[in-house]
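Structural features, examined
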Amino acid sequence: MDQFLINGGQRLRGSLTVNGSKNAALPIMAASILTEGETVLKGVPNLDDVQTLCHLLKQLGVNATRDAEGDLRLKVEDEMNCHAEYDLVRRMRASVCVMGPLLAKRRQARVALPGGCNIGDRPVNLHLQGLKALGADVELVSGDIHLKAKKLRGAEVFLGGPFGSTVLGTANVMMAATLAEGATVIEGAACEPEVIDLADYLNACGARIIGQGTTRIKIEGVSELHGSEHTVIPDRIEAGTLMIAVAITNGDAVISNCRVDHLLAVVDRLRAVGVIVEKKADGTQVSSSRRLEPITVTTQPYPGFPTDLQAQIMALLCLADGNSIITEKIFPDRFVHVAELNRMGAKLRKEGPVVLVEGVKRLVGAPVMASDLRASAALVLAALIAKGQTRISRVYHIDRGYESIEKRLNAVGADIKRVQE
Ligand code: EPU
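Residues numbered from 1 in each chain as written. Predicted model: local features only at pLDDT ≥ 70, side-chain atom pairs only at ≥ 80, totals over all residues. Heavy atoms only, no water.

1. Examining the layout of surface pockets
In plain terms, the rule: Only protein atoms enter the 1 Å grid used here. Points where a 1.4 Å probe fits but cannot escape make up a cavity, open sets with protein on both sides within 12 Å along at least five of seven lines make up a pocket, and a residue lines them when an atom lies within 4 Å of a point. Grid points are joined across faces, edges and corners, and a volume is the space filled by probe spheres set on the points. Side-chain classes follow a simple rule in which Ala, Val, Leu, Ile, Met, Phe, Trp, Tyr, Cys and Pro form the nonpolar group, Asp, Glu, Lys and Arg form the charged group, and the remainder, Gly included, forms the polar group.
Estimates place the volume of the second largest pocket at around 180 Å³. Surrounding the second largest pocket, Ala247, Ile248, Thr249, Asn250, Ser288, Arg290, Arg291, Leu292, Leu319, Lys361 and Ile385 form its lining. Of the residues contributing to the lining of the second largest pocket, the split by class is 5 nonpolar, 3 polar and 3 charged.

2. Considering the site of the ligand
For the record, the criterion: Whether a residue is near a molecule or strand depends on its heavy atoms: it is near if one of them lies within 4 Å of it. Under the rule applied, a polar contact is a pair of N or O atoms within 3.5 Å (in protein, one hydrogen donor and one hydrogen acceptor; residues adjacent in sequence only if both atoms are side-chain atoms). Here the Shrake-Rupley method, with its probe set to 1.4 Å, supplies the accessible areas, and only the displayed protein chains count as covering residues. Numbering of helices and strands runs from the N terminus; a helix is a DSSP stretch of H or I covering at least four residues, while a strand is a stretch of E covering at least two. Segment limits for the domains were obtained from an automatic or database-derived domain assignment.
Not every one of the 23 residues close to the ligand is listed here, only the nearest: Asn125, Leu126, Thr166, Asp308 and Ile330. Note that an oxygen atom of the ligand is positioned 2.8 Å from one of the backbone N or O atoms of Leu168. Its free accessible area being 820 Å², the ligand has 92% of it covered by the protein chains. Within the residue set of the shell around the ligand, elements represented by two or more residues are helix 1 (22-31), helix 5 (125-133), helix 6 (167-178) and helix 12 (373-385). Among the elements that make up the shell around the ligand, the one with the highest residue count is helix 5 (3 residues). For the shell around the ligand, the residue count by class is 11 nonpolar, 6 polar and 6 charged. Looking at which domains feed residues into the shell around the ligand, each of domain 1 (2-16 + 235-420) and domain 2 (24-231) gives three or more.

3. Regarding the domain arrangement of the protein
Formally: The contact definition used throughout considers only heavy atoms, calling two residues in contact when any of these lie within 4.5 Å. Here the quantity called buried area is the total loss of accessible area, with a 1.4 Å probe, experienced by two parts when brought into contact, counted for both. Put simply, a salt bridge is a Lys or Arg side-chain nitrogen that is within 4 Å of an Asp or Glu carboxyl oxygen.
Parsing the protein into structural domains produces domain 1 (2-16 + 235-420) and domain 2 (24-231). Listed per partner, the contact involves 19 residues of domain 1 and 16 residues of domain 2. Across the domain 1 to domain 2 interface the summed buried area is about 1500 Å²; carbon plus sulfur atoms make up 55%. Of all residues in domain 1, the largest losses of buried area upon contact with domain 2 belong to Tyr302, Arg400 and Glu403, amounting jointly to 35% of the total for that side. Across the contact surface, domain 1 and domain 2 share 2 salt bridges. Measuring nitrogen to oxygen at the nearest pair gives 2.8 Å for the salt bridge that ties Arg236 to Glu194. Our count for the contact surface shared by domain 1 and domain 2 stands at 5 residue pairs in polar contact (both at pLDDT 80 or more). In the side of domain 1 that touches domain 2, the residues fall into 8 nonpolar, 3 polar and 8 charged.

Here is the structure:
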């Protein structure tokens, strides 16, 4: 297993480029199951999660390969296997997004029920509620969800849950509805940019979807989808992470391929802290040169502050001049980073879904452990500014969502070494 040795205290300066979005690419890759012909996906990042889904898609009869240009080419070759096994689903929960496409195209799906993970329970009741409304029979057999339907029929589906809508649930129902008979209306749909990107890809393949990006998505079923070429949107979570990396080191960098319109809540909070964020011709300039102001942050569904940046902004607020409050409203248990940041000298106190952050003058390097993708990113950020050396073990969690993060940060002045544990 790899670990990172990070020597803190270097200011990040220069330019950084955001990669294509992991969370947009994964459902779009799964959606290729619905299509006849070839899909060419551009801008798919080279990440462990993408490899895992390629592996699963291959098991499901989809030829998934990178071509010489680095584009991902996907083509269904064999529709016999409809079983997404526990071994892969447990490694990557996003594997559940093959459920809707398998059901719609092959009339059946057998998908291992994903267990919980370090960010919480992660139920799929809303996915199943939506697919049932379209006519699926659903049964749990030996830990696998079995779904069957002779024919899917359009229906009105409500996807609001106790923590808001569901991103992958909306994706699953939307994908299934593209090949259902008649019209489906998803009320309480997730509005995240990744859902819009999926709908745009499906429409390019011949689907008839309107309303993506709002809480009411309407899908008119069609009899067949063809392949298409699509470029995935830039990764807004990676962009936000890079912005915070620059801010936490009091750096100054231009971040390109960054959709600021997808990051309005994040930019709002960074400006409240005192970070300068400015749109420039070649990207978004982020700089910070003074002690940070304390703020409150509440995670919410899009366009609110994303849960996927909660850990990273916590690392930043550890160094603010006063007390900040962070409230997690999407995954109330997503706080594995709290104890690790405290090991580095942070003063964090968790009270249910709220963390009180007492700002400190400095963080200090320590051995810490990565245990979930975004929590690990927060540890890297903290280590960039900590005094001395931080050793982060189990960095495979980071590799799931950030491509070669150490090389990219080193190129703007960081000091990160990847070594074997
Ligand atoms: N929920 C239910 N029932 C369901 C589904 C979800 O109650 O059937 C609850 C969840 O427990 C949570 C809330 O609804 O409290 C939102 O969960 P959602 O379903 O939206 O999460 P997801 O679709 O499984 C995606 C991202 C996550 C991101 C969340 C929230 C992908 C592959 N994953 O997960 O990304 O945190 O949306 O924005 O798109 C990450 O990239 O690190 C990551 C975890």
